[in-house]
Each structure stands twice: as structure tokens, then as C-alpha cells.
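Inside the fold
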Amino acid sequence: SSKPAQEAESPLGAARAQLHETYIIAQTQDGLVIVDQHAAHERVVYEKLKRQREETGVARQMLLIPAVVELDESRMNALAPAIDELAALGLALERFGPGAILVRETPALLREVDCKRLVEDIADLLAEDGDARGLSRRLDHVLATCACHHSVRAGRRLSAPEMNALLRAMETTPGAAHCNHGRPTYIELKLSDSEQLFGRR
């Protein structure tokens, strides 16, 4: 059978449109699905990073030119003790003088990343996390922060193949029905639901 036909038969259907550069509308065999593109992609990236960490360690890419990120004292105090932890998550950092961090490597999955924002966000997360949470929870939260930085934002126009690729990735991702913050990533309406809404039955 043809690819569009196969896609329509898939659980999350075939992408038909993108609304407000935020929502993907897909047609399923017996209804329609509305996907929040940012929340869904964030979940897919997060689960990939988690799987990498568990299996082989997060794959890293070396920056051609290391990035220097200046940090205030409170962020530096939160980040410095976690440098070894972060290396296991694909983020190779070094102290660089009294108030700066050198970023040498980042998780390969993130491709291009705004090092300054990522490091600041992770420092803020570690500062509020403290030691209250166990190590694996802390690491999960750092991976979730990385995933958020990489995922396709609301406001980005996607092509039909990109939309369908995201739908197919969701179908094979554990927990893809909810984002990393516990909100739904998609809503499904069966034709019978639509018919009720329009008073057709």
C-alpha cells in the first residue's frame, strides 16, 4: 500500500495541516488527532536522551570553538559540584576563571544549541533542586531541560514530511501521550465525537 495510505492507518494518522504554527492536525481512520508540536517533540527527544544515558551514555559532539559562559556566583555554586554528573549527560564543562564555565561538548542529539541559555537553565534547575531529589531524578530533570531546548518550538512552520515523522516517532516513544510536565501532547476525536458535537446523532 502507498505511504499516505499506511500513514492514515497508523494510530496517530496522517498529517493534514498545521494550525497557528503550533498544532498538527492529523486524519486517522475513524477520526482526527490534534498534536501540540512542541510538547510532543520535547517528549520524543527526552526519551531518546534517557535511552542513550541508560545504554551507552549520552553521545557527545565537540564544539569547534568552546563556548565561554559567564555565570553569577549562585549559578556557579549550583553548577560546579555537578560537572561530573553533567559529563555523563553529554555536557562537558570546565571551570574557566572565577566567574565562567567553558563548554567543550554538548549532547549530539541537540545539534546546534544556545550554550549560554542551556547552561544558565541547568544551573537554575540545580540551584532549586538542591540535594532534595535523588541523583537519578536530578539527571532526568537535566535531560528534560536539554530536550526542551532542542524541541521544535511553537511558531515554527513544519513541512508535511516533518509532521508525519513526528507522528511516527510519537507512536514508538514510551509515554508519548504526555509531555515531560505531564500535560497531554495530543487530543483525539473520533468521528462519533465530532458527530455528537455537531448534533448529527
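No experiment lies behind these values; they were computed from the predicted model shown.

Observations concerning the pairing of strand β1 (residues 14-19)
Here five bridges tie β1 to strand β2 (residues 23-28), and the two strands are oriented antiparallel to one another. Note on β2: the bridge partner recorded for alanine 14 is glutamine 27. Hairpin remark: β1 followed by β2, antiparallel, with three residues in the connecting loop; positive phi at histidine 20, about 55°.

What about the sheet that holds strand β7 (residues 186-190)?
Judged by pairing direction, the sheet is antiparallel, and its four strands sit side by side in the order β1-β2-β3-β7 without closing on themselves. Looking at strand neighbours, the two that pair on one side only are β1 and β7, the edges of this open sheet. Averaged over neighbouring strand pairs, the angle between their axes works out to 20° when direction is ignored. Across the face of the sheet, helix α2 (residues 37-55) comes into contact with β1, β2 and β3 (31-36) while running at roughly 75° to β3.

Side note on unusual backbone geometry
Positive phi is not limited to glycine here, since histidine 20 has a value of about 55°. Tracing the chain through its elements places histidine 20 in the loop between β1 and β2. Judged by its relative accessible area of 70%, histidine 20 falls in the exposed class. Non-glycine residue glutamate 21 carries a positive phi angle of around 50°. Position of glutamate 21 relative to the elements: it lies in the loop between β1 and β2.

Topic: the confidence of the model for the chain
Scored by pLDDT, the chain comes out at a mean of 92, with 96% of its residues at no less than 70. Per-element confidence in the chain ranges from a low mean pLDDT of 77 for helix α1 (residues 3-9) to a high of 98 for β2.

Digging into helix α7 (residues 160-171)
Helical periodicity: at 3.6 residues per turn, an α-helix aligns residues three or four positions apart in one direction. Taking 1.5 Å per residue as the helical rise, α7 with its 12 residues ought to reach 16 Å, and the 17 Å between its terminal C-alpha atoms agrees with that figure. Regarding α7, the residues found buried are Met163, Asn164, Leu166, Leu167 and Met170. Looking straight down α7, one finds its buried side chains confined to an arc of 155°; they lie on one side.

A few points about the packing of α2 against α7
Between α2 and α7, the shortest axis-to-axis distance is 10 Å and the interhelical angle comes to 50°. In terms of axis orientation, α2 runs oblique to α7. Considering how the two elements wind past one another, α2 and α7 form a crossing that is left-handed. Here Gln37, Ala40, His41 and Val44 of α2 come into contact with α7, specifically with Leu166, Ala169 and Met170.

How each quantity is defined
- Residues numbered from 1 in each chain as written.
- Predicted model: local features only at pLDDT ≥ 70, side-chain atom pairs only at ≥ 80, totals over all residues.
- Heavy atoms only, no water.
- Pairing = 2+ DSSP bridges.
- Helix = DSSP H or I, 4+ residues; strand = E, 2+ residues; numbered from the N terminus.
- Axes fitted to C-alpha atoms, helices over the stretch in contact; angles between N-to-C directions.
- Contact = heavy atoms within 4.5 Å.
- Buried < 20%, exposed > 50% of the residue type's maximum accessible area, 1.4 Å probe, protein only.
- pLDDT = per-residue confidence, 0-100.
- Expected span 1.5 Å × (residues − 1).
- Arc of directions from axis to C-beta.
- Parallel < 35°, antiparallel > 145°, perpendicular 65-115°, else oblique.
- Left-handed = near helix turned anticlockwise from the far one by under 90°.

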